[in-house]
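# Examining the three-dimensional arrangement
Below, each chain spelled out in residue letters.
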Amino acid sequence: MLPMQFHSFDRSVVVPVKKPPPGSLSVNTVGTPTTGGAATAGSTPNIFAAATATPKSMINTTGATDSASSSSSSSSSFVNGATSKNLPAVQTVAPMPEDTMENMSAYCEVAQCALRSGQTPPELKSFSSLAGFQAAPRDAGQCFSITTKLERALEKVAPLLREIFVDFAPFLSRTLLGSHGQELLIEGLVCMKSSTSVVELVMLLCSQEWQNSIQKNAGLAFIELINEGRLLCHAMKDHIVRVANEAEFILNRQRAEDVHKHAEFESNCAQYAADRREEEKMCDHLISAAKHRDHVTANQLKQKILNILTNKHGAWGTMSQSQLHDFWRLDYWEDDLRRRRRFVRNAFGSTHADVSLKALEDYGTEEEEEEGPKSKKNFRSQSVVAQNPEAELMLEGDDDAVSLLQEKEIDNLAGPVVLSTPAQLVAPVVVARGTLSITTTEIYFEVDEDDPTFKKMDAKVLAYSEGLHGKWMFSEIRAVFSRRYLLQNTGLEVFMANRTSVMFNFPDQATVKRVVYSLPRVGVGTSYGLPQARRISLATPRQLFKSSNMTQRWQRREISNFEYLMFLNTIAGRTYNDLNQYPVFPWVLTNYDSEELDLTLPGNFRDLSKPIGALNPKRAAFYAERYETWDDDSAPSHHYTTLYSTAHSTLMWMLRIEPFTTFFLNANDCKFDHPERAFSGIGRAWRNCQRDTADVKELIPEFYYLPEMFVNSNEYELGMRDDGVPVCDVELPAWAKKPEDFVRINRMALESEFVSCQLHQWIDLIFGYKQRGPEAVRALNVFNFLSYEGAVNLDNLESVQREVMETQIQVSGQVPSQLLIEPHPPRSSAMHLCFLPQSPLMFKDQMQQDVIMVLKFPSNSPVTHVAANTLPHLSIPAAVTVTCSRLFAVNRWHNTVGLRGAPGYSLEQAHHLPIEMDPLIANNSGVNKRQITDLVDQSIQINTHCFVVTADNRYILVCGFWDKSFRVYSTETGKLTQIVFGHWDVVTCLARSESYIGGDCYIVSGSRDATLLLWYWSGRHHIIGDNPNNSDYPAPRAVLTGHDHEVVCVSVCAELGLVISGAKEGPCLVHTITGDLLRALEGPELCQRPRLISVSSEGHCIIYYERGRFCNFSINGKLLAQMEVNDSTRAILLSSDGQNLVTGGDNGVVEVWQACDFKQLYIYPGCDAGIRAMDLSHDQRTLITGMASGSIVAFNIDFNRWHYEHQNRY
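Not measured: the values here are computed from a predicted model.

What counts as what
- Residues numbered from 1 in each chain as written.
- Predicted model: local features only at pLDDT ≥ 70, side-chain atom pairs only at ≥ 80, totals over all residues.
- Heavy atoms only, no water.
- Helix = DSSP H or I, 4+ residues; strand = E, 2+ residues; numbered from the N terminus.
- Buried < 20%, exposed > 50% of the residue type's maximum accessible area, 1.4 Å probe, protein only.
- Contact = heavy atoms within 4.5 Å.
- Areas by Shrake-Rupley, 256 points an atom, 1.4 Å probe, with all protein chains shown as cover.
- Salt bridge = Lys/Arg side-chain N within 4 Å of Asp/Glu carboxyl O.
- Patch = residues over 30% accessible without salt bridge, like charges linked within 9 Å, V, L, I, M, F, W, Y side chains within 5 Å.
- Pairing = 2+ DSSP bridges.
- Axes fitted to C-alpha atoms, helices over the stretch in contact; angles between N-to-C directions.
- Phe/Tyr/Trp six-rings, centres within 6.5 Å; stacked < 30°, edge-to-face > 60°.
- Polar contact = N/O pair within 3.5 Å; in protein donor to acceptor, adjacent residues only side chain to side chain.
- Lys, Arg positive; Asp, Glu negative; His and termini not counted.
- Arc of directions from axis to C-beta.
- Parallel < 35°, antiparallel > 145°, perpendicular 65-115°, else oblique.
- Nonpolar A, V, L, I, M, F, W, Y, C, P; charged D, E, K, R; others polar.
- Left-handed = near helix turned anticlockwise from the far one by under 90°.
- Core = buried A, V, L, I, M, F, W, Y, C linked by side-chain atoms within 4.5 Å.

### Thoughts on the overall build of the chain
Broken down by element type, the chain carries 30 helices and 42 strands. A total of 1210 residues make up the chain; the buried ones form 51% of that total. Contacts in the chain between residues at least 24 apart in sequence constitute 62% of all its contacts with a sequence separation of at least 6. Here the chain displays about 56,200 Å² of accessible surface, and carbon together with sulfur accounts for 53% of that area.

See below:
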């Protein structure tokens, strides 16, 4: 047989076929071992090895390798050879399994049989690996027929091959072509379809034509197929790896999410459980707080009822009843100028008889007092730097978006508690830790009674501390101010409708902001011209000062010096709740020795451009030298060691009145000061402030309004001075005969022109640009560095260091917040303002006629009531009159008082009279709309007390009806709008308090049943009571008892919170608007039957008794003055400042008196009829009187001129 050659696909390489070994005849493919005639494990199938070869490699289908190593090297050469440009190299094909080799052996036996029969052996491809031939068991000693062997070997493969051929017939028919181009598969398909013989299938596959066609046409397709398979395999592998990686990533992520969700779930469960525990704790806390609060409230109610019943005028009291001593304390009630003047009964009062006096040895040396408290080196501040200019807020605009968002979030909060935080209640000499809780409608504070600090507090001090178990309604909140505590901006002061305030200190400023945004939008109130917004409550003092209109009002003299100083103190952080930040006022007088004080002499006034320590030139030189020669490294240099206002100085001034007496003893080791060190005289205190180098105290506001602070009314044993004079009441200057004189004259000095021209310079020292920095050094106005804001951050100190530092701050005092860093503008001069239109200081021409006009009504019925509500902003400014026949008139008011150029002035108005008669009365066309026809009790005498006109002139309240009611009528239609019942007998008198924003006010009704009822008039709904759905049955705010006879006159002052009433047979009683009976105003022996009462917000209570007797009482019950006139007075009236009294009676004469001492100021010409009623216009320049002849008379009146003429010498 000739050796066969096969060319590779590029026809360039010929590979000789190896001769088979002698004695053997087999058909071997490349890589098939021949040794022993058995297949070697690890050999490579020929067709795949050939298929993976490069085009330059030869495909050997006839020869056989000598050994396995030859096969391996050949296979390696196929794999590692150079690859075609078009076909990438193919990886080595895996070794053929043994069963496949056995099948190949059987297949070779078929070939041998064919050779014996004369047939040419075919070059075989190893289809066995593709077709999955199974090896037939071979037996060396036994030979089966070829057919049997084929059928046994291919019985399972043949059907599969047939299916493959049939299925791939279209492809194979085009691929497998004979040497002449004929389709070889057509014949095979016919055989395979017509017969199931395995032999025929094998013969077909082994025919020479098939082999040639496959070698010629199918090699490249197989290589492409294998390469495509390899690429697909790699791609599939990459895809599977990528998918596996993605799956692993997804699984890991899901596993991490599961872990996170599990952890989050556990955290939520733990948080939920903690929240529930906290909520339960809070509920328990609120319940406990409510119990404490109820207990406190119950005790207060019990004490109130006890006071009402056991009072001398109570149900259980007797007229002869008198206690050994009545104790009183200063109430926390504030008026509009933040003055605390009202005294109430003190259930905890005593004479402190067991208290001893301090010895002089307890005070230390003068040098030690001058040095004062020194800070340790490690506490020293870096330096006392000026405050950084703050980022100014545009306070005039609306809230910014952040604030609105925060407010919206807070407003949307639901649940019983909106916010709960640790807090400290700051009260005089008490700082109590506790918990502040805020709901959607209320504030709660509950003190921590288990706190060791609280347990150490004196029970006597705690008795005067309100709010330890506090509850405050949102509807009661009127203002919220940011405050400092111990120089840290972490405080908050809330002002209530009951005219008290409460102060809290919080852990940090963030908590302060959260609390403010949890409270109502009230800002800092309505008094300072600022919007009611939460951002105003959080504004800095400097921002409040710049945005307020109070400075301009003060410059225009619309407000007093006192009111302006209280405003500055309030916004600068001074508060009654922290004695270390008590409001500070200046000394204004220097003469405390003369018998008379001339307020026209400049020498009697202090130089307000200098601090109190620099007024004495020698002492000023001492302080300047101290500053220049300062050599103590533990603190920066300063002039003074203690401030002009400290807790100790405040307690020293207020020693004689409770609760400050108890506070002083608590802070002073339960001892009164040594008599030589105590506050014993005003002149003595002034001299000490000028001579003692350790005394630079300024004053407190009470020096200008509270005469009771100078009286030892509780009879404390304060010792005896070295000169043998006992210390009791405060020694007054020679020019003041009584404490009231000193307070009045001191206040007039504060309001004088000398002080007005200099006050801005004192403001610069205390609140302004001379407070710190180089200007303070030049002005000798530098204090201990611990007195200044920003000197130390307490949060950075350890607990022991912080406690020491807090103590030092409390001893040194705290400088007010700096309000401005430029000079304060001065006040406009009085002479300049006198010529401005409608100036409050404008004097009228003295030759001007006293009577402006007389207006005679068609009816001759006496005018028994006049109400002049003439404010320009009212829809109908008018003087409403009511006659004895209950015919009322709404007489329009024309504001003609003013100079040319005044706002609203015109030539057409120049000749108009101020009052225009009601056209319905003048034309007699609508009398039915002005007549009150409801029947009154026949025993009632109609007088001025039977009527009240609301502040807007739209409604008249009338009493005296037989059905024991009082009624509300509309002045527009004359129709009845409301009937109010409450008394058990005929209502005999009515009174109205001053009105506030919206027209709300108090109405008091007195009756023959000897009681009074306090009602609330709603300016919004125009009804008695604040619930329009229950206007038929309104409930009174308070029931006032104590009288034994018919109530005939009453007056109410909302600003003071007092109701003063008089019974037919006396006496006059003073109640609070909450119903507490405070005291009786008992006049001289002949003053028993009160008939008229007028009370002013300045604290004067004028009572007219029968037979022309007048008495002036303070609101705390002291008789200040009395007089007797020869006229049967029918009407009395106090000016708005409470300094002047106007009277009129049957003689038809109007008289003006100085209220404090009943000194007569002016007498108007007599009228031809008696005076029955009177009222003043809003500008206090026109007096309108109702006459018995049925007319009204308008008088010119000028309190300023009389005030000026009588104020200069005392």
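### What to know about the pattern of salt bridges
Per the stated rule, a full pass over the model turns up 41 salt bridges. For Arg606, the salt bridge goes to Glu698, with nearest N and O atoms at 3.0 Å. With Arg606 in the loop between α19 (561–571) and α20 (617–628) and Glu698 in the loop between α23 (682–691) and α24 (739–750), the pair connects residues that are 92 residues apart, well separated along the chain. Between Asp918 and Arg930 there is a salt bridge, with its nearest N and O atoms 2.6 Å apart. Of the two residues, Asp918 is situated in the loop between β18 (915–916) and α29 (919–922) and Arg930 in the loop between α29 and β19 (947–949); the sequence distance between them amounts to twelve residues.

### Thoughts on a nonpolar patch on the surface
Residues Leu160, Ile164, Phe168 and Phe171 make up a contiguous nonpolar surface patch of roughly 380 Å² in combined accessible area. Considering the arrangement of structural elements, one finds Phe171 in helix α7 (residues 169–175).

### Some thoughts on the sheet that holds strand β32 (residues 1090–1095)
Two modes of strand pairing occur in sheets, parallel and antiparallel, and in both the strands are linked by backbone hydrogen bonds. Reading across from one edge, β32-β33-β34-β35 is the order of the four strands in this open sheet, with antiparallel pairing throughout. Every other strand in the sheet has two partners, leaving β32 and β35 (1119–1124) as the edge strands with one partner each. Neighbour-to-neighbour, the strand axes of the sheet open up by a mean angle of 15°, direction not taken into account. Note: strand β34 (residues 1109–1114) against β35, five bridges, orientation antiparallel. Along β35, the bridge assignment pairs Arg1109 with Glu1124.

### Some details on the packing of aromatic side chains
All told, the structure shown has 40 aromatic pairs when counted by the stated rule. Between the aromatic rings of Phe672 and Tyr716, the centroid separation amounts to 5.8 Å while the plane-to-plane angle is 40°, which identifies the pairing as tilted. You can see Phe672 sitting in strand β13 (residues 671–672) and its partner Tyr716 sitting in the loop between α23 and α24, a full 44 residues away along the chain. Taken individually, Phe672 and Tyr716 each receive the classification buried, so the pair is uniform in this respect. A centroid spacing of 6.3 Å and a plane angle of 75° characterise the contact between Trp762 and Phe767, whose relative ring orientation is edge-to-face. Both residues of the pair, Trp762 and Phe767, count as buried. Here a set of aromatic residues connected by ring pairs shows up, and it is made of Trp587, Tyr592, Trp653, Phe679, Trp686, Phe703, Phe710, Trp735 and Phe742.

### As for the sheet that holds β19
Judged by pairing direction, the sheet is antiparallel, and its four strands sit side by side in the order β19-β20-β21-β22 without closing on themselves. This sheet does not close on itself; its edge strands, each paired only once, are β19 and β22 (976–981). The average angle at which neighbouring strand axes cross in this sheet is 20°, direction not considered.

### Comments concerning the environment of Thr551
Considering the arrangement of structural elements, one finds Thr551 in helix α18 (residues 550–555). Among all residues touching Thr551, those that are not within four sequence positions of it are Phe545, Tyr564, His824 and Pro825. Of the polar contacts made by the side chain of Thr551, one reaches the side chain of Tyr564; its length is 2.8 Å.

### What about the environment of Arg691?
Note on placement: Arg691 falls in helix α23. For Arg691, a relative accessible area of 62% puts it in the exposed group. For the pair Arg691 and Asn616, spaced 75 residues apart in sequence, the C-alpha separation works out to 7.6 Å.

### Here we look at the side chain of Asp1175
Among the structural elements, Asp1175 can be located in strand β40 (residues 1171–1176). Here Asp1175 sits buried without a salt bridge, and the closest side chain of opposite charge, Arg992, lies 6.6 Å off (N-O distance). In contact with Asp1175, not counting residues within four places along its chain, are Val866, Ala867, Ala868, Leu1133, Thr1182, Leu1183 and Ile1184.

### Quick look at unusual backbone geometry
Following Glu658, the chain continues into Pro659 via a peptide bond in cis, with omega recorded as 5°. If you trace the backbone, Pro659 turns up in the loop between α21 (647–653) and α22 (660–667). Backbone geometry at Arg886 places phi at a positive 65°, although glycine is not the residue there. Here Arg886 lies in the loop between β16 (878–883) and β17 (888–893). Residue class for Arg886 comes out buried when judged on its relative accessible area of 14%.

### Concerning the pairing of strand β23 (residues 987–992)
Taken across its six residues, β23 has five buried, putting it largely inside the fold. With five bridges connecting them, β23 and strand β24 (residues 1001–1007) associate as antiparallel partners. The residue bridging Arg992 from the neighbouring strand is Ile1003, located in β24.

### Digging into the side chain of Arg483
Take Arg483: it is sitting in strand β10 (residues 477–485). Assessed through its relative accessible area of 3%, Arg483 is described here as buried. Within the structure, the side chain of Arg483 is placed 3.0 Å from the backbone oxygen of Thr570, a separation counted as a polar contact. Those residues within four positions of Arg483 in sequence are excluded, and the remaining contacts are Gln488, Asn489, Thr490, Gly491, Leu492, Glu493, Phe495, Met503, Thr570, Gly573, Arg574 and Thr575.

### Structural notes on α23
Those residues of α23 that sit buried are Ile682, Gly683, Ala685, Trp686, Cys689 and Gln690. Down the axis, α23 shows its buried residues gathered within 160° of arc, on one side only. Buried-residue contacts for α23 involve α20, α21 and α24.

### Side note on the packing of helix α5 (residues 146–154) against helix α9 (residues 198–206)
It is the contact of α5 with α9, at a shortest axis distance of 9 Å, that shows an interaxial angle of 90°. As far as their axial angle goes, α9 and α5 are roughly perpendicular. Of α9, the residues touching α5 (which contributes Thr147, Leu150, Glu151 and Leu154) are Val198, Val199 and Val202. Taken together, the residues of the contact of α5 with α9 break down into five nonpolar, one polar and one charged.

### Description of the packing of helix α6 (residues 158–167) against α9
Interaxial distance between α6 and α9 falls to 11 Å at its minimum, and their mutual angle equals 55°. The angle between α6 and α9 places the two elements in the oblique class. In this structure, the crossing between α6 and α9 has a hand that is left-handed. Across the interface between the two elements, Ala158, Leu161, Arg162 and Phe165 of α6 pack against Val198, Leu201 and Leu205 of α9.

### Topic: the nonpolar core
Side chains of a nonpolar character, in soluble globular proteins, are inclined to be buried together. The biggest cluster of nonpolar side chains holds 135 residues, and the ones touching the most others in it are Leu519, Trp587, Trp653, Met654 and Phe703. Ranked by the residues each element gives to this core, the list is headed by α19, at seven residues. Among the nonpolar cores identified, the runner-up in size contains 32 residues, and Ala878, Val890, Ile942 and Leu990 belong to it.

### Structural notes on α19
Three- or four-residue spacings in an α-helix give side chains the same orientation, since the helix completes a turn every 3.6 residues. Across the eleven residues of α19, ten count as buried, placing the element largely inside the fold. Those residues of α19 that are buried lie in contact with β10, α17 (541–547), α18, α24 and α25 (753–766). After α19 finishes, the residue Gly573 shows a positive phi value of roughly 95°.

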